[in-house]
Every structure is written in C-alpha cells, then in structure tokens.
Amino acid sequence: MLKEKGILFDVTLCIGCGSCYDACKEANNLPKTSEDFLKDHLSDNTFNVIEQYDDLYARKMCMHCNEPACESVCLVGAITKTSTGAVVYDADKCIGCRYCMQACPHKIPRYEWGTTTPRIRKCNMCAERVSNGLIPACAESCPNEATLYGDMDQLIAIAKRRLQENPDKYYQHIYGLEEAGGGHVLVLSPVPFEQLGYIPELPKESMPEFTKRAMEKIPSVVVGGGIFLGGMYWLTKRKNQIAKEERSKNEN
Amino acid sequence: MVAIFVLTAFLFFILVDLVVLKFQGKYHPAFEPTFSQFDLSMFEKNRFVIPQNTLFSKGHTWLKEDENGLVNIGIDEFGMTALGMLTISNCALAGKTLKRGDILFEGNYGNNKVKFLSPISGTVQSVNPDILSKNISDPYKNWGVQLLSKDFSENRDKFFSGNDAVNWIKKEYIKLKSFLDTHALKPELAGETMFDGGTLSNDMLYSLVDKSTSDFEKEFLSL
Amino acid sequence: MKIKNINVSEILKPTFWKITSVIIVIVGLFSTYFRFTQGLGATTNLQDTVPWGLWIGFDFIGVGLAAAGFTIAATVHIFNMHKYEPLVRPAILTAFLGYSVVVCLLVVDLGRPEHFYHPLYMWNIHSVMFEITWCLICYSTVLLLEFAPVVLEKFNIKAPIKILKAISIPVVIIGVLFSTLHQSSFGSLYLIVPGKLHPLWYSSLLPVHFYVSCIAAGLSMIIFESFLIARGLTKEEGFQNTGLKMNILSGAAFAVLIALIAGLLLKIYDFIDSGKLYLLTIPSTETYLFYLEILLGTIAPIYLLSHKKLRENKKWLYITSICVISGLILNRINVSITGLAASSGVSYFPSFDEISITLMLIVLAIFAFRLVAKNFAVFITEEHEHSVSEKDIAKTKPITIS
Ligand code: SF4
Ligand code: SF4
Ligand code: SF4
C-alpha cells in the first residue's frame with residue numbers, strides 16, 4: 001500500500017505568484033476563467049485559488065479530509081478516498097444530487113451548472129499524475145516551496161517543527177490537522193486563520209460522526225418499533241374482541 | 001424570503017378559491033352556513049324541550065289527548081325545520097275520516113313538497129286555521145287537527161314519550177345530518193337575511209338532488 | 001371493462017380552476033423542456049453556494065404532508081380504531097401521489113437524471129440519502145400494496161385480494177417503520193452541516209423534530225384535504241361519501257393537538273438543553289421566521305384545538321389545519337433554505353422555471369387524485385370494509401376519463 005500523502009501549504013512562504021493556479025489549470029485542462037488570478041474564485045473550472053489578504057496569500061482547495069463528509073453522504077459512492085488519501089470523484093456514478101456540496105464543511109465542491117451532463121468539480125490531488133509517479137502540479141510548480149507534497153507523517157513533523165522553531169512567525173495552529181476530523185492538506189499561517197478566510201470553529205470530530213450517531217439508532221428503531229407495533233396490534237385486537245364478546249353476552 | 005413566498009403562495013391559492021366560490025355564489029364547505037340545530041350542542045339533552053304528556057310518532061307528528069278525549073295532532077320541531085322552515089299548505093278537512101297512514105298534512109320546505117301521515121285512525125273534528133301558510137314559532141302550542149280516534153289507545157306503544165322520545169329525536173338529527181351529506185345538497189337562502197347578528201337563522205333551505213324528497217319521506221316521515 | 005365515451009363538452013366546459021390548471025401545466029411543460037435541454041444553471045437560480053433550492057425544500061414539504069398515509073393506516077389497522085376507516089384510502093392515495101410528486105421533483109432536480117437508477121445497485125450505506133432513497137422505494141411499494149385491493153376490487157379480481165388481506169398487517173407495520181425512518185431521516189440529512197445550518201434549527205434532535213412535526217402536519221393535511229374534497233367533488237357526478245365527516249375529523253384534530261404539544265415540548269427541551277434560548281432575542285430574519293413558524297404552526301393551532309367547541313366547528317377546524325400546514329411549510333423551508341442562507345452568503349430566490357415546474361406537478365397530482373377517486377371506491381363509509389354496500393357506484397361504473 002502506498003503511504004498516505006498530503007500537501008502542506010505555508011502562508012508565510014507564499015509570494016502570490018500564481019504558479020500553482022496556472023499549473024493546476026494546465027494539469028486539469030481547465031479553461032481560463034479570470035483575467036486576474038487573485039480575483040478568481042473556486043468554480044467548476046477552478047480547483048485552486050489564491051486569495052490576497054493584505055500582503056498575505058491564502059490557497060483554497062479541497063482539504064482531502066480523513067473522513068470526508070462528501071464521501072460519506074454520496075448515496076452512490078461516486079466520491080471515494082484513495083489509498084494515498086486523495087478524495088476523488090467518479091462522474092460515471094454520480095447522479096447529481098449535490099448533497100456532497102451541501103455537506104462539505106469547507107464548501108469546496110463545485111458544480112457544472114452550465115451543461116446538461118454536469119459533474120462535481122474539485123481538486124483531486126492530481127490523482128492521475130500521482131499514479132503516474134509525478135507529484136501534484138501545484139506542488140511541483142511552486143517556486144518558493146510554499147506548497148509541499150509528501151508523506152503525511154513527514155508533513156506533520158515539518159509543520160510542527162516550523163511552529164516550534166519560529167513561535168513568533170507563526171500563529172500556533174496547524175489548520176487542517178484536526179478541523180472536521182482532519183485532512184490531507186495542512187496550512188500554516190502567521191495570523192489567525194479566520195483572517196485568511198479559512199472556515200473557523202469547525203468541530204474536531206469528523207462530520208460523518210454527526211450522522212453516524214443518528215444512523216446507529218436505526219436498527220434499534222426498526223426492531224423496537226416492529227415489536228411495539230406488533231404488540232399494539234395484538235393488544236387492541238384482543239381488547240376489541242373482549243368488548244365484543246361482552247356485548248353479545250349482555251345482549252343474550 | 002423563500003419561506004414567506006411559499007407560504008403566501010399556499011394561502012393565496014386558498015384565498016383565490018374562496019373568491020371564486022363567492023363569484024359563483026357558492027359556499028366553501030368550511031364556511032357553509034348551517035342550521036343552528038346542526039351545531040353539536042343540540043345533542044345536549046337540555047336543549048330539547050319536550051312538552052309533557054305528548055307522544056311522538058315516527059312520522060314526526062306529535063299527539064296529545066285533551067280533556068274532551070280528542071287527540072290533538074301537530075308536526076314536531078324536527079319536522080318543522082328539517083330542510084328549512086316548513087310551511088303547511090294543506091291539511092285533512094274537518095269531517096273526514098282517516099285511516100292510520102293516510103295523508104294528514106302537506107307542506108313544503110321551499111320547493112320541496114313533503115307529506116306527513118296520520119299516526120292514528122279517526123275522524124277530523126276540527127282544523128286549526130292558524131297553521132296554514134304561516135311560520136309557526138312554537139310547534140307544540142299549535143296543534144293542526146283534532147281527531148276523534150278509535151284506535152289511539154291500541155297504538156300507544158308505537159309512539160315515543162319522555163326519555164325515549166328525546167333519544168329518538170337525537171338519533172333522527174344525526175340521521176338527518178348524514179342524509180344531507182349524502183344527498184349532495186346546496187344550501188340556499190329563503191329570504192335575504194341569513195345572518196342575523198352573526199347567528200344563522202333557520203331561514204335557509206336545502207335544495208335536494210332529484211328524488212331526495214321522496215327519500216326524505218321514506219327515511220323520516222314513514223310510520 | 002369498457003371506457004365510457006368521453007364527454008367532450010363536459011370536459012371543455014371552462015371553469016376558473018380548469019383554465020388555471022391548464023395554463024399552469026402548459027407553462028410547466030415548457031419549463032420542464034427547458035430544464036432538460038438547457039441544464040440546471042440556465043433554468044434555476046441554484047448555484048455553487050446554494051446547491052439545494054425550492055425543489056428540495058418542496059420535497060420536504062411534500063413528504064411531511066404525506067405522512068397521514070402511515071399514521072392513519074397505523075391507527076386503523078394496528079391500533080384497531082375502526083372509526084377512522086373512511087380516512088384510510090384517501091390518506092394512502094394522498095401519500096402515494098405526494099411521494100410521486102416528490103420523486104418527480106427529485107428527478108427533475110438531479111443533475112444527471114438519466115442516472116436516477118444508480119442507487120439501486122451502487123450502495124453507500126453510510127449515506128442518509130441512500131437510506132432515504134431506499135425507504136422511499138420500499139414505502140411506495142407498501143403504499144401500492146395497501147391500495148391494490150381498491151383497484152383489484154373494481155376489476156373483480158378476487159384471488160390476490162385474499163393474499164393481500166392476509167399479509168396486510170405485516171405490510172402496514174413495515175410501512176410504518178419505513179415511514180418513521182425516512183421521515184426522520186429527512187432531518188438527519190442536515191445533521192452533517194452543524195456549521196452551516198442556523199442554530200435555531202440545527203439540533204442533534206433534528207430527526208425527532210421532523211418526525212413529530214410530520215405526524216401533526218400529515219393529519220392536518222388529511223383534514224384540509226377532506227375540505228377540499230367536500231368542496232370540489234361533492235356536487236359532482238360520480239362521487240359519493242365526499243361529505244365532511246366531522247366526528248372523525250375532530251378525532252383526528254385531537255391527535256394533531258397531541259402531536260403539536262409533543263413537538264412544542266420537545267422544542268422547548270431542546271432549546272433549554274443545548275442553551276440556545278438566547279438566540280430567541282437576537283433580532284434577525286431567521287429569528288422572525290422562527291417566531292412565525294412557531295406561532296402560526298404550533299402555538300395558534302394548539303390554542304384553537306384545545307377548545308372542544310372549535311375542534312368540532314367546521315370553520316375553525318379548517319383554519320387550524322391551514323395553520324398547521326403553514327407551520328410545516330415554514331419549518332421545512334426554514335431548515336432547507338432560510339437556515340442555510342446566512343452561511344452561503346447569497347440570497348436565493350427560486351427562478352420562474354423552478355416555480356412553474358413545482359406548480360405543474362402539484363396540479364397533476366390533484367388531477368390524478370380526482371381521476372382515481374372518480375374511478376375507484378376511495379371514499380367509503382365506516383361499515384364498508386365489513387359489508388360491501390350495493391350502492392357503491394364507483395366500484396361497478398365503467399372507467400371514465402375526465
Ligand atoms: S474538503 Fe470538502 S470536498 Fe474536500 S474532502 Fe473534505 S468534505 Fe470532501
Ligand atoms: S452530487 Fe454526485 S458526487 Fe455529490 S453526493 Fe450526489 S451523487 Fe455523490
Ligand atoms: S493538487 Fe492538483 S488539482 Fe489539486 S490544487 Fe494542486 S494542482 Fe490543482
């Protein structure tokens with residue numbers, strides 16, 4: 001089995017050059033969507049954006065959650081997690097219910113609204129490139145190593161080391177490590193993450209947990225309900241019968 | 001916003017429907033004026049005032065023997081109001097000898113003509129002229145005919161009195177309700193005033209679907 | 001069985017609602033055509049931040065209002081309260097047509113409607129949506145089984161009726177279980193979006209809220225529908241037993257009252273338990289809509305229904321049922337649209353095509369109801385089930401289309 005891979009993005013190193021933006025477009029054969037890449041937003045033709053906050057730049061893309069909400073809600077299993085940790089999508093299965101868009105805590109998946117055979121669109125951690133032995137285009141193109149691709153355990157170690165070695169430079173938190181159960185994209189930043197448009201206050205447990213708690217009760221509801229209803233049927237029928245018998249007795 | 005929109009759309013259709021009905025001069029079943037006696041409160045016993053010493057026949061006439069041995073016969077409250085206010089148009093003439101089951105009164109609720117049958121046999125001694133073509137407010141004060149009867153006492157057990165009468169009348173009202181439901185009636189106004197001071201008066205008529213009058217006689221006025 | 005000559009002049013006789021319906025259906029058909037040829041983006045106001053709109057919201061409403069199908073069936077067949085027998089068939093028919101509307105809307109809403117059959121063999125048992133889909137399929141089958149005797153009766157096919165009668169109790173029980181599951185699961189759909197759904201509505205008890213409210217609203221729908229039937233069909237040829245059966249309806253209204261009180265208590269408990277009371281004092285669109293939902297859909301009907309007099313009064317019963325239904329409409333749309341608006345950051349309003357397709361499906365469902373009611377013995381009296389009455393025209397009449 002392949003080792004779990006991930007991406008580490010360090011805001012302090014990002015110079016906002018847009019190389020990853022262009023590389024992602026090229027790797028995924030996506031058309032140009034905006035004159036100024038800094039003003040672009042995620043869409044069916046943009047899986048990766050760079051947003052400017054004063055002199056800081058933040059990348060937004062799919063976080064490749066450990067227990068992806070999008071994967072857990074997809075009723076036909078069109079979204080799956082590969083052994084490397086990438087969350088990928090199979091358009092041939094998808095029926096287009098868009099529950100994955102609704103469920104994603106990071107509001108990532110986009111939809112091809114303009115066509116009659118629409119697909120869900122999002123970063124797939126360049127699954128094809130990776131299976132061909134390459135690394136994701138965005139990581140490869142980054143001139144300043146702001147985006148790193150590698151084994152998850154190594155990335156976590158690097159992130160922790162950076163926080164430790166430069167406590168003044170970094171806001172002491174690895175975004176994406178625990179958010180919504182954690183994922184395969186980690187972000188480091190000098191300022192609190194909500195200032196960079198990352199969604200704050202996500203629960204630490206994975207999103208599917210919330211549904212699981214309710215879904216777990218189903219078997220007991222079915223069994224309990226079945227017994228209750230059967231019992232009720234028997235009871236009330238018996239009661240009616242007794243009442244009837246009594247009535248006929250009284251009449252005689 | 002969407003919530004308000006969907007809600008308004010729902011209510012809008014209901015309102016339009018009411019307006020449409022108004023234009024057609026019809027009533028929505030929820031706002032259909034009803035006879036006051038159809039309010040469920042009428043099933044409470046104390047609302048029935050049944051005069052003493054009075055017997056009730058299944059054909060919705062009442063009988064009462066007076067001190068001279070004559071039997072006064074009139075139409076009971078149910079018969080007076082079942083399909084709207086009854087006006088009595090005809091009545092057996094004085095001197096006539098009737099058999100039980102002969103026609104005693106003829107009346108109509110609007111256009112619906114109905115016949116009331118004589119509960120006993122006997123000779124008509126006198127007729128109350130006040131009952132013809134008039135609105136009768138107290139049905140038990142206004143007798144219609146006086147009979148000299150031969151078989152009144154034999155037939156006594158065929159009539160209801162006291163508690164039995166009350167129970168029977170209650171059942172008749174319940175029966176009437178389902179009768180009206182199944183005979184697809186449209187309420188109509190007899191006069192202009194339907195609402196007097198918010199309460200519905202009895203001046204309303206039900207026009208029946210074909211043949212319902214004979215059904216009504218069969219169900220309610222046969223002995 | 002021969003088809004009766006279609007009385008063309010009778011069908012063509014224009015009435016207000018006939019004309020309106022025809023217009024709605026024609027416009028709706030055009031919208032449907034555009035929807036399938038132009039795609040979702042061109043015909044709806046859905047977008048990446050608002051993936052679910054009016055159609056999904058309306059599915060919630062439709063399923064909630066169709067809940068009478070299982071509550072009434074359970075009351076009569078499981079709890080053996082045969083007084084409510086006359087409501088069973090209309091309720092089952094309503095449920096079936098309601099679900100048909102919901103399924104059609106879902107298919108229209110799917111981005112790849114041609115893949116609609118995928119859930120049949122591509123399974124992801126962790127998905128609430130998967131559970132709902134299967135419950136819908138199974139429950140529709142149950143509804144068909146429950147309604148089948150009515151159809152078979154008409155064509156005088158006796159043998160299967162016997163089998164259906166024999167398995168009727170298990171079928172009803174299974175129906176109740178499936179209903180319980182998917183009614184509550186519509187709430188579970190939103191359990192996964194704690195950060196997005198407004199806390200006024202988000203709660204770990206969401207499935208229970210949905211379940212309780214659908215019981216009250218489903219019964220109210222049956223009451224409301226009885227009025228509709230009495231209003232629309234009573235004076236028409238070919239229908240009988242369409243009159244209001246007030247004693248039954250006020251009994252059902254009492255059940256509504258209980259369900260509403262249970263729902264209210266549950267809400268109160270939920271708010272106190274999760275410390276959300278402070279939200280009620282924050283002025284915002286959400287708060288106002290929440291108040292409207294509770295006042296109109298719960299408090300007002302509870303007040304009205306708790307008076308025996310009003311419960312037995314036609315006018316007030318009608319008004320109350322409208323209130324409860326309005327409450328459900330508000331609640332479902334609030335959960336599916338209002339509550340998510342703030343987190344999506346854009347304001348969504350359904351497009352013309354979304355509205356017209358929805359209206360068209362409702363009109364078609366009403367028409368289908370009429371058609372079935374006219375040709376099969378849907379409205380029966382209490383004794384019917386036990387002694388088949390001779391008078392039943394609907395059963396022996398030839399099929400009519402009008
Ligand atoms: S970020 Fe969203 S789309 Fe990406 S894996 Fe997580 S849940 Fe799925
Ligand atoms: S839109 Fe497609 S991928 Fe997303 S949940 Fe629905 S079926 Fe799955
Ligand atoms: S991993 Fe690939 S698809 Fe994802 S943002 Fe980077 S280049 Fe784009």
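Every chain's residues receive numbers from 1 upward, in the order its sequence appears when written. Key to labels: chains lettered from A, ligands numbered from 1, both in the order written. Restriction of local features to residues with pLDDT of at least 70 applies here, the model being predicted, together with a cutoff of 80 or more for giving and counting side-chain atom pairs; totals for whole chains, interfaces and linings are based on all residues. The side-chain figures draw on all heavy atoms in the structure; neither hydrogens nor water molecules are used.

Digging into the overall build of chain A
In step 1: To qualify as a helix, a DSSP run of H or I must reach at least 4 residues; to qualify as a strand, a run of E must reach at least 2; elements of each kind are numbered from the N terminus. Secondary structure summary: chain A contains 8 helices and 9 strands in total.
In step 2: For 252 residues, the compact-globule estimate of 2.2 N^0.38 gives 18 Å, and the C-alpha radius of gyration of chain A, at 26 Å, exceeds that figure by more than 25%.
In step 3: Dimensions of chain A, computed from C-alpha atoms along their principal axes, come out at roughly 100 × 45 × 40 Å.
In step 4: Burial classes: relative accessible area under 20% of the type maximum marks a residue as buried, over 50% as exposed, and values in between as partly exposed (1.4 Å probe, protein chains only). Counting across all 252 residues of chain A, residues that qualify as buried make up 50%.
In step 5: Residues are treated as being in contact if the distance between any of their heavy atoms lies within 4.5 Å. Looking at chain A alone, contacts between residues at least 24 apart form 55% of all its contacts between residues at least 6 apart. Two things to know: the radius of gyration comes from C-alpha atoms, and the globule rule equals 2.2 Å times the number of residues to the power 0.38.

Description of the interface of chain C and chain B
In step 1: Listed per partner, the contact involves 34 residues of chain C and 27 residues of chain B.
In step 2: Buried area is calculated as the accessible area (1.4 Å probe) missing from two parts once they are joined, with the contributions of both summed. Together, the buried faces of chain C and chain B total about 2,800 Å²; carbon and sulfur atoms form 79% of this surface.
In step 3: The definition of a polar contact used here is a pair of N or O atoms within 3.5 Å, where within protein one atom must be able to donate a hydrogen and the other to accept one, and adjacent residues in sequence count solely through side-chain atom pairs. Our count for the contact surface shared by chain C and chain B stands at 3 residue pairs in polar contact (both at pLDDT 80 or more).
In step 4: Contributions of two or more residues to the side of chain C that touches chain B are made by helix 2 (16-38), helix 4 (54-65), helix 10 (206-232), helix 12 (285-305), helix 14 (314-344) and helix 15 (352-375) of chain C.
In step 5: In this count, Pro and Cys sit with the nonpolar residues alongside Ala, Val, Leu, Ile, Met, Phe, Trp and Tyr, while Asp, Glu, Lys and Arg are called charged and the others, Gly among them, polar. Grouping the constituent residues of the side of chain C that touches chain B by class yields 23 nonpolar, 6 polar and 5 charged.

Things to note about helix 6 (residues 152-165) of chain A
All names here are of chain A.
In step 1: For helix 6, spanning 14 residues, the distance from its first C-alpha to its last is 20 Å, which sits close to the expected 20 Å at 1.5 Å a residue.
In step 2: All of the buried residues in helix 6 are Met152, Leu155, Ala159, Arg162 and Leu163. Relative to the axis of helix 6, the buried residues are bounded by an arc of 100 degrees and lie together on one face. Opposite the buried face of helix 6, at more than 90 degrees from it, the exposed residues are Gln164 and Glu165.
In step 3: On its buried face, helix 6 is in contact with strand 1 (5-10), strand 8 (147-151) and strand 9 (185-188). The span expected for a helix works out to 1.5 Å for each residue beyond the first. This arc is built from the directions going out from the helix axis to the C-beta atoms.

What to know about the sheet that holds strand 9 (residues 145-149) of chain B
All names here are of chain B.
In step 1: The strand order across the open sheet formed by 6 strands is 1-2-3-9-8-5, and the pairing between neighbours is antiparallel. Each end of this open sheet is capped by a strand with a single partner; those strands are strand 1 (55-56) and strand 5 (97-98).
In step 2: Pairing of strand 2 (residues 61-65) with strand 3 (residues 71-75) involves 5 bridges; the strand directions are antiparallel. Along strand 3, the bridge assignment pairs glutamate 65 with valine 71. The rule for pairing is simple: two strands pair if DSSP sees at least two bridges between them.

Quick notes on the sheet that holds strand 7 (residues 112-117) of chain B
Residue and element names in this part refer to chain B.
In step 1: Here 3 strands make up an open sheet; going across it, the order is 4-6-7 and the pairing antiparallel. Lying at the two open borders of the sheet, with one neighbouring strand each, are strand 4 (87-91) and strand 7. Between one strand axis and the next, the sheet turns through 30 degrees on average, direction left out of account.
In step 2: Pairing geometry for strand 6 (residues 103-109) and strand 7, over 6 bridges, is antiparallel. Bridging from a neighbouring strand, glutamate 106 pairs with lysine 115 of strand 7. Axis definition: a line fit to C-alpha positions, over the contact stretch in the case of helices; interaxial angles, taken between N-to-C directions, run 0 to 180 degrees.

Topic: the confidence of the model for chain C
Residues and elements named next belong to chain C.
In step 1: pLDDT gives the predictor's per-residue confidence on a scale running from 0 to 100. Confidence in the prediction of chain C, expressed as mean pLDDT, is 85, and 90% of residues score 70 or more.
In step 2: Considering only residues more than four positions removed or in separate chains, one finds that residues 383-392, a stretch of pLDDT under 50, has 12 contacts.
In step 3: Interface predicted TM-score (ipTM) for the complex: 0.87; the corresponding pTM is 0.78.

What to know about the site of ligand 1
In step 1: In this text, near means that some heavy atom of the residue lies within 4 Å of the molecule or strand in question. Every one of the 14 residues lining ligand 1 counts as a neighbour, but A:Cys62, A:Met63, A:Cys65, A:Cys70 and A:Cys104 are closest to it.
In step 2: Here the shell around ligand 1 is built from residues that sort into 11 nonpolar, 2 polar and 1 charged.

Observations regarding the packing of helix 7 (residues 128-154) of chain C against helix 8 (residues 159-166) of chain C
To characterise two packed helices, one gives the angle between the axes of the helices and the distance between these axes.
All names here are of chain C.
In step 1: Look at helix 7 against helix 8: their axes get within 10 Å of each other, and the N-to-C directions meet at 155 degrees. What the angle tells us is that helix 7 and helix 8 run roughly antiparallel. Regarding helix 7 and helix 8, the two cross each other, and that crossing is left-handed. The segment helix 7 lies against helix 8, with Leu145, Ala148, Pro149, Leu152 and Glu153 engaging Pro160, Ile161 and Leu164. For classification purposes, angles smaller than 35 degrees are called roughly parallel, those larger than 145 roughly antiparallel, those between 65 and 115 roughly perpendicular, and all remaining angles oblique. Crossings are assigned a handedness: left-handed for a near helix turned anticlockwise from the far helix by less than a right angle, right-handed for a clockwise turn.

Focus on unusual backbone geometry
Residue and element names in this part refer to chain A.
In step 1: Although it is not a glycine, histidine 64 sits at a positive phi angle of roughly 45 degrees.
In step 2: Within the element layout of this structure, histidine 64 appears in the loop between strand 3 (56-60) and helix 2 (69-73).
In step 3: Positive phi values are uncommon outside glycine, yet glutamate 201 reaches one of about 55 degrees.
In step 4: Judged by relative accessible area, which is 79%, glutamate 201 ranks as exposed.

Overview of helix 2 of chain C
Residue and element names in this part refer to chain C.
In step 1: Here helix 2 is 23 residues long and its end C-alpha atoms lie 33 Å apart, about the 33 Å a rise of 1.5 Å per residue gives.
In step 2: Within helix 2 the residues assigned to the buried category are Thr20, Ile24, Val25, Gly28, Ser31, Thr32 and Arg35.
In step 3: Considering only its buried residues, helix 2 is in contact with helix 3 (40-43), helix 4, helix 6 (85-109) and helix 15.
In step 4: Taken from the residues just after helix 2, glycine 39 is the one with a positive phi, measuring 95 degrees.

Examining the interface of chain C and chain A
In step 1: Counting residues at the interface gives 54 residues for chain C and 50 residues for chain A.
In step 2: Regarding the contact of chain C and chain A, the summed buried area is about 4,400 Å², with carbon and sulfur atoms giving 65% of it.
In step 3: We count a salt bridge whenever a side-chain nitrogen from Lys or Arg sits within 4 Å of a carboxyl oxygen from Asp or Glu. Joining chain C to chain A, the criterion identifies 1 salt bridge.
In step 4: Among the salt bridges present, the one from C:Asp109 reaches A:Arg98, with a minimum N-O distance of 2.8 Å.
In step 5: In terms of residues, the side of chain C that touches chain A owes the most to one element, helix 9 (residues 168-188) of chain C, which gives 7 residues.

Concerning the site of ligand 2
In step 1: The environment of ligand 2 is made up of A:Cys74, A:Val76, A:Ala78, A:Ile79, A:Tyr89, A:Cys94, A:Ile95, A:Gly96, A:Cys97, A:Arg98, A:Cys100 and A:Ile120.
In step 2: Its residues placed into classes, the shell around ligand 2 shows 10 nonpolar, 1 polar and 1 charged.

Considering the environment of C:Met122
In step 1: Tracing the chain through its elements places C:Met122 in the loop between helix 6 and helix 7.
In step 2: The class of C:Met122 is buried, set by a relative accessible area of 12%.
In step 3: Once residues lying within four places of it in the same chain are set aside, the contact partners of C:Met122 are A:Leu75, A:Val76, A:Lys93 and C:Phe130.

As for the nonpolar core
In step 1: Joining through side-chain atoms within 4.5 Å is the link that ties buried Ala, Val, Leu, Ile, Met, Phe, Trp, Tyr and Cys residues into a set, and such a set is a nonpolar core. Ranked by size, the top nonpolar core spans 155 residues in total, and within it A:Tyr99, C:Leu189, C:Tyr190 and C:Leu197 carry the most contacts.
In step 2: Looking at which element gives the most residues to this core, the answer is helix 10 of chain C, with 13 residues.
In step 3: With near-sequence residues (within four places) excluded, C:Tyr190 lies in contact with A:Tyr99, C:Trp52, C:Phe60, C:Leu197, C:Tyr202, C:Leu206, C:Val335, C:Ser336 and C:Leu340.
In step 4: With 41 residues, the next largest nonpolar core counts B:Leu63, B:Phe78, B:Ala82 and B:Tyr173 among its residues.

Looking at a nonpolar patch on the surface
In step 1: A cluster of nonpolar side chains, namely C:Val22, C:Ile26, C:Phe30, C:Tyr33 and C:Phe34, defines an oily patch on the protein surface of about 510 Å² accessible area.
In step 2: Tracing the sequence through the fold places C:Phe30 in helix 2. Each patch is built from residues that are more than 30% exposed by relative accessible area and take part in no salt bridge. Like charges join if they lie within 9 Å; nonpolar side chains (Val, Leu, Ile, Met, Phe, Trp, Tyr) join within 5 Å. Only the protein chains shown count as cover for residues, and all accessible areas are computed by the Shrake-Rupley method using a 1.4 Å probe.

Some points on the pattern of salt bridges
In step 1: On inspection of all chains with the given rule, the structure shows 18 salt bridges over all chains.
In step 2: Here A:Glu51 and A:Lys60 are joined by a salt bridge, their closest N and O atoms 2.4 Å apart.
In step 3: Two residues, C:Arg89 and C:Glu153, come together in a salt bridge whose shortest N-O distance is 3.5 Å. On the criterion of sequence distance, the pair formed by C:Arg89 in helix 6 and C:Glu153 in helix 7 is long-range, its members being 64 residues apart.
In step 4: A cluster of three or more residues bridged by salt bridges with shared partners is formed by A:Glu112, A:Arg119 and A:Arg121.

What to know about the packing of aromatic side chains
In step 1: Planes of paired rings set the category: under 30 degrees apart is stacked, over 60 is edge-to-face and the rest tilted, where pairs are Phe, Tyr or Trp rings (Trp by its six-membered ring) whose centres lie within 6.5 Å. The full count for this structure, using the stated rule, is 38 aromatic pairs over all chains.
In step 2: For the ring pair B:Phe13 and C:Trp17, a centre distance of 6.3 Å and an interplane angle of 40 degrees mean the geometry is tilted. Taken together, the residues B:Phe13 in helix 1 (residues 2-24) and C:Trp17 in helix 2 connect one chain to another.
In step 3: What makes B:Phe13 partly exposed here is its relative accessible area of 28%.
In step 4: Centre to centre, the rings of C:Tyr99 and C:Tyr139 are 5.4 Å apart; their planes meet at 70 degrees, and the pair counts as edge-to-face. One end of the pair, C:Tyr99, is in helix 6; the other, C:Tyr139, is in helix 7, with 40 residues separating them in the sequence.
In step 5: Grouping aromatic residues by their ring pairs yields a cluster made of A:Tyr99, C:Trp52, C:Phe60, C:Phe186, C:Tyr190 and C:Phe210.
In step 6: The criterion for a charge sitting over a ring is simple: Lys NZ or Arg CZ within 6 Å of the ring centre, and within 35 degrees of the ring normal. For A:Lys60, the ring lying beneath its charged end belongs to A:Tyr198, and the centroid distance is 4.7 Å.
In step 7: Over the face of the ring belonging to C:Phe271 we find C:Lys276, whose NZ or CZ atom lies 4.8 Å from the ring centre.

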